[in-house]
2 protein chains.
Amino acid sequence: MSRRLLTVLLGSAALLATAASAATPPPPKPVVAKADMAAHQKMLTLDTHLDTPEHFARPGWSMMDDHEVHLDGSQVDLPRMKAGGLDGGFFVIYTGQGDLTAEGYRYARDFALKRAVDIREMVAAHPDAFELAFTPEDAVRINKAGKAFAFQSIENSWPMGEDLTLMQTFYQAGVRMAGPVHFRNNQFADSSTDPKGKIWNGYSPLGLRWLAEANRLGILIDVSHASDEVVDQSVALSKVPVIASHSGAKAIFDHPRNLDDARIRKIAESGGAICINSVYLVASAAPSPERKAALDALPRPPRDEATQADVVAWMAKRAAVDKQFPMPRANFETYMASMLHTLKIAGPKGVCVGADWDGGGGVEGLEDVADLPKITARLKAEGYSDADIEAIWSGNVLRLIGQAQAYARSVAAAK
Amino acid sequence: MSRRLLTVLLGSAALLATAASAATPPPPKPVVAKADMAAHQKMLTLDTHLDTPEHFARPGWSMMDDHEVHLDGSQVDLPRMKAGGLDGGFFVIYTGQGDLTAEGYRYARDFALKRAVDIREMVAAHPDAFELAFTPEDAVRINKAGKAFAFQSIENSWPMGEDLTLMQTFYQAGVRMAGPVHFRNNQFADSSTDPKGKIWNGYSPLGLRWLAEANRLGILIDVSHASDEVVDQSVALSKVPVIASHSGAKAIFDHPRNLDDARIRKIAESGGAICINSVYLVASAAPSPERKAALDALPRPPRDEATQADVVAWMAKRAAVDKQFPMPRANFETYMASMLHTLKIAGPKGVCVGADWDGGGGVEGLEDVADLPKITARLKAEGYSDADIEAIWSGNVLRLIGQAQAYARSVAAAK
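Conventions and cut-offs
Residues numbered from 1 in each chain as written. Chains lettered and ligands numbered in written order. Predicted model: local features only at pLDDT ≥ 70, side-chain atom pairs only at ≥ 80, totals over all residues. Heavy atoms only, no water. Helix = DSSP H or I, 4+ residues; strand = E, 2+ residues; numbered from the N terminus. Buried < 20%, exposed > 50% of the residue type's maximum accessible area, 1.4 Å probe, protein only. Contact = heavy atoms within 4.5 Å. Areas by Shrake-Rupley, 256 points an atom, 1.4 Å probe, with all protein chains shown as cover. Lys, Arg positive; Asp, Glu negative; His and termini not counted. Charge placed at Lys NZ, Arg CZ, Asp CG, Glu CD. Arc of directions from axis to C-beta. Core = buried A, V, L, I, M, F, W, Y, C linked by side-chain atoms within 4.5 Å. Buried area = accessible area lost by both parts, 1.4 Å probe. Salt bridge = Lys/Arg side-chain N within 4 Å of Asp/Glu carboxyl O. Nonpolar A, V, L, I, M, F, W, Y, C, P; charged D, E, K, R; others polar. Least-squares fit on C-alpha atoms with pLDDT ≥ 70 in both. Disulfide = S-S within 2.5 Å. Pairing = 2+ DSSP bridges. Axes fitted to C-alpha atoms, helices over the stretch in contact; angles between N-to-C directions. Polar contact = N/O pair within 3.5 Å; in protein donor to acceptor, adjacent residues only side chain to side chain. Phe/Tyr/Trp six-rings, centres within 6.5 Å; stacked < 30°, edge-to-face > 60°. Lys NZ or Arg CZ within 6 Å of the ring centre and 35° of its normal. Right-handed = clockwise from strand over helix to strand, strands pointing away.

Take the overall build of chain A next. Looking only at helices and strands, chain A has 16 helices and 10 strands in total. Residues counted as buried form 62% of the 415 residues belonging to chain A. Sequence separation of 24 or more characterises 73% of the internal contacts of chain A that already satisfy a separation of 6 or more. When the accessible surface of chain A is split by element, carbon and sulfur atoms take 58% of a total near 15100 Å². Positive and negative side-chain charges in chain A, numbering 44 and 50 respectively, have mean positions lying 2 Å apart.

Here you go:
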């Protein structure tokens, strides 16, 4: 794939995905009872999949400004984190899948290294508001200091090419969670969504080394986007429990990106957790010819490096199409159905939150992170205790991060 | 070499090197006539070799604080840049030479990538004071905006291992100048100071590809630390003029790190420039048995990640040794002798300033960057015009950076 084409694809993914929400008017701010809001604010909260780093280098966009999702499609910034009581999360180094060639690997490596720098620069630029987290203890300490904690994760390990020593490079840069694969099969593993079907029957031989290296370093293995066989092999082979950083329940909506009950149970019983995604909750009907024509007539979506003004201008055009030719959209109830079903199977120690913000997430009524207190309110209404809810919000993920790191320490100590 | 040993070596190099200056009391601030100071302040100035990034991640040390060289050995920070009228420079990604093995290459790659991140984090943390520069035009624009400009350079390309695609990684991170080699021979080239003597007779076959890749990308080739044959081959083979970012005149002091008149002439006649170093200006006599014993009795020097307090405490001990058993030290006159001699051979278009601050530089009377106006004053006293002096301070280097980039553009356009 040409570099230019890759850039176009990579630059536009999040915008295309979040554009659906642009059709709707500014959402009413969450209507959450005072007591529920107070309970939510007391909890340590995190989201395991924030694709916000795509915006970090954008001229005119700042993590410190309060944005509106219906204007620029963005769903996470510090003011909205505060409004939604979101204390931190995993900021994602995401690389859209390209060619499995030397050229592709090199491109991906450099792209991911640059994205990692974007994250560190954002945090460095706002030392009073953000701090990098590398351990569960860091998250707690940073939160107590009144700052947002920023873990780093990798979505798609394609950038490691065939050189697994790069995993240590990313670990050193701060990455503490990684998934092997994204929308398409790669050198490490089969994807759950590659139109060509599987090629490895799970992990590739190199992918098995990827898994062992993640264990050795103390990087939590993320099975979201991976094929079912990769999920099964991860649970079976990983020395520590695994996570699905942004996945949902197949019982609610049958999509390859969602997990069936047996696999939810398997992950949870092995000590892992499923962080509930807000994507893949309703069928995306084939667009009408009129909608398709209108979409085709849109200018090319702005790239990552486009200015905020360019993004807002493009989003307005896109929103007009969505308004004229609307598509089915999931809502808060569908999202909660996926979470509540998963809770029934996995229990409160096996569920967490990863709604794919800025990466395609967001449903009606849960439009950006400012809406997150609704989840706490709803879980309380369902009878979950505050302790359970805090486990869902952060305890389970921090436990898993801690377990991955404890295993790495034990390996290092045994040497 | 073990990782731990590498860290010790890397962490201590600059401290050991600058420790000599710690023996002297705080230097008197530069005594420069008002008119000379005014002329200096008007000029755009830069230093081509600032090893200050070693301090960037040090707890308790900040680029925004005013430090004293006799207390912590550091020689560059924003207050002293302002006092010395230093508008910017090349912040160095320096990696001390280690083993030419897969493990060594991996270690070096990750070390250098981390150091590159340190530089970007420092700049990101102080957006009103610093800005990254990638082109000559950037330097001028940033200076006009009242900020210091930060170019990035590589000292020792060992971190590229045998994977030259990493040069593009570093280019993408912002690197615009690179030298192939440091104190010891490596996979790319012979060093001027390897005790084992030469192994490649200049560049290695891989080193010739290194050179071509630097040309292709528009990275200015830096021949400081390289053997004489590498200097000659660089001038002969590079498509654009080269630089010596921190070297001196062998005629003033005969040391392998300095350039003889013929090579100074050759570099200058081919359009390149020599940036005058403040190291290798006097013979370092063998230490007396008493001095050696006292040095051996010192605790291990603090590493990069040591706190500022630890560094200050260690420096005090080291300074006591230097005071009790002093070593010969160069002074401002020796430094100017090297510059004036090089000016005679190379002319004002072939000379620039790279005093190896925070990397071993500093002489009596030129202790840190606050002393830099003395150089302007002295050059004026020698009869050089303001235009010549500004060329020495920045014009020549920006011209070379521009030429390297213009060549890269021409290659890209021809494709």
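So much for the structure itself; the text now carries on.
On to helix α7 (residues 136-144) of chain A. The periodicity of an α-helix, 3.6 residues per turn, causes residues three or four places apart in sequence to face the same way. Residues and elements named next belong to chain A. Those residues of α7 not exposed but buried are Pro136, Asp138, Ala139 and Ile142. Down the axis of α7, the smallest arc covering the buried residues is 160°, so these residues share one side. Exposed positions of α7 whose direction lies more than 90 degrees from the buried face are Glu137 and Lys144. If you follow the buried residues of α7, they end up packed against β3 (130-132), β4 (148-155) and α16 (386-414). Positioned one or two residues after α7, Gly146 has a phi angle of 80°, which is positive.

Turning our attention to the nonpolar core. One finds A:Tyr335 and B:Tyr335 to be the most contacted residues of the largest nonpolar core, which totals 159 residues. Considering each element in turn, this core owes the most residues, eight residues, to helix α14 (residues 332-346) of chain A. The contacts of B:Tyr335, once residues within four sequence positions are left out, are B:Ile276, B:Asn277, B:Ser278, B:Leu281, B:Val353, B:Ala355, B:Val363, B:Leu366 and B:Ile375.

On the chain A side, the residues contacting the 19 residues of chain B number 19 residues. For the chain B face of the interface with chain A, the top three residues by lost area are B:Arg120, B:Glu121 and B:Gln172, together amounting to 27%. Linking chain B with chain A are four salt bridges, by the criterion used here. Between B:Arg120 and A:Glu121 there is a salt bridge, and its shortest N-O distance comes to 2.7 Å. Going through the elements one at a time, α6 (102-125) and α8 (165-173) of chain B are the ones with two or more residues in the side of chain B that touches chain A. For the side of chain B that touches chain A, the element with the most residues is α6(B), which contributes 11 residues. Taken together, the residues of the side of chain B that touches chain A break down into seven nonpolar, four polar and eight charged.

Between the two copies, chain B and chain A, the superposition gives an RMSD of 0.0 Å; the rotation angle is 180° and the shift along the axis is 0.0 Å. Here the transformation between the copies is reduced to the relation of a two-fold axis. No C-alpha of chain B approaches the rotation axis more nearly than that of B:Ala125, which lies at 2.1 Å.

The next subject is unusual backbone geometry. Residues and elements named next belong to chain A. The phi dihedral of Asn156 is positive, around 85°, even though this residue is not glycine. A positive phi angle, near 80°, is found at His225, a position not held by glycine. Since its relative accessible area comes to 4%, His225 is described here as buried.

Residues and elements named next belong to chain A. In total, this model carries two disulfides over all chains according to the counting rule given. Here Cys275 connects covalently by a disulfide to Cys352, the sulfurs 2.1 Å from one another. Disulfide Cys275-Cys352: the torsion about the S-S bond is -80°, which places it as left-handed. Within this pair, whereas Cys275 is found in strand β9 (residues 273-276), its partner Cys352 is found in strand β10 (residues 351-353), the two being separated by 77 residues in sequence. Taking the relative accessible area as the measure of exposure, Cys352 reaches 0% and is therefore buried.

All names here are of chain B. Strand order across the open sheet formed by four strands is β8-β7-β9-β10, with parallel pairing between neighbours. Each edge of the open sheet is held by one strand with a lone partner, namely β8 (258-259) and β10 (351-353). In the sheet, strand β9 (residues 273-276) pairs with β10 via three bridges, with the strands oriented parallel. Its bridge partner being in β10, Ile274 is matched across the sheet by Val351. Sitting on the sheet, helix α16 (residues 386-414) touches β7 (243-249), β9 and β10, and the angle it makes with β10 is about 105°.

Our focus in this paragraph is the side chain of A:Asp222. Residues and elements named next belong to chain A. Tracing the sequence through the fold places Asp222 in the loop between β6 (220-221) and α10 (228-237). Among buried Asp, Glu, Lys and Arg side chains, Asp222 stands out as unpaired, with Arg257 the closest opposite charge at 7.5 Å. At 3.0 Å, the side chain of Asp222 forms a polar contact with the backbone nitrogen of Ser224. Only 2.5 Å separates the side chain of Asp222 from the side chain of Ser245, close enough to count as a polar contact.

So, on to the packing of aromatic side chains. This model, assessed by the stated rule, comprises 15 aromatic pairs over all chains. Consider the rings of A:Tyr107 and A:Phe111, whose centres lie 5.9 Å apart with planes at 35°: the pair is tilted. Here the residue A:Tyr107 and the residue A:Phe111 both occupy positions in helix α6 (residues 102-125), the gap between them amounting to four residues, near one helical turn. Under the relative-accessibility criterion, A:Tyr107 is labelled buried at 10%. Linked through ring pairs, A:Phe56, A:Trp61, A:Phe91 and A:Phe130 together constitute an aromatic cluster. Looking at A:Arg176, its charged tip hangs above the ring of A:Tyr171, at a distance of 3.8 Å from the centre. Above the face of the B:Phe332 ring, B:Lys374 is positioned so that its terminal group lies 5.8 Å from the ring centre.

Right, let's get into the pairing of strand β5 (residues 175-178) of chain A. Residue and element names in this part refer to chain A. Pairing of β4 with β5 involves three bridges; the strand directions are parallel. Each residue of the ladder has a partner; that of Ser153, found in β5, is Met177. With helix α8 (residues 165-173) bridging β4 and the parallel β5, this β-α-β connection has right-handed handedness. Judged from the two bridges that link them, β5 and β6 form a sheet pairing that is parallel. Residue pairing for β6: Ala178 is matched across the bridge by Ile221. Between the parallel pair β5 and β6, the chain is carried across by helix α9 (residues 205-217), and the sense of this crossover is right-handed.

Residue and element names in this part refer to chain B. For Thr48, the location among the structural elements is in strand β1 (residues 47-50). On the basis of relative accessible area, Thr48 is assigned to the buried category, the value being 0%. With near-sequence residues (within four places) excluded, Thr48 lies in contact with Phe90, Met177, Ile243, Ser245, Cys275, Val353, Gly354 and Val397.

Right, let's get into the pattern of salt bridges. Oppositely charged side chains can form a pair if their charged atoms are brought close together. All names here are of chain A. Taken as a whole and assessed by the stated rule, the structure comprises 48 salt bridges over all chains. For the salt bridge of Arg141 with Asp138, the shortest nitrogen-to-oxygen distance reads 3.2 Å. Of this pair, Arg141 and Asp138 both sit in helix α7, three residues apart, which is roughly one turn of the helix. What makes Arg141 partly exposed here is its relative accessible area of 42%. When salt bridges with common partners are traced through the structure, they connect Asp228, Asp232, Lys250, Asp260, Arg263 and Lys266 into a single cluster.

Honestly, that's just the spatial picture; any functional story needs more than this.
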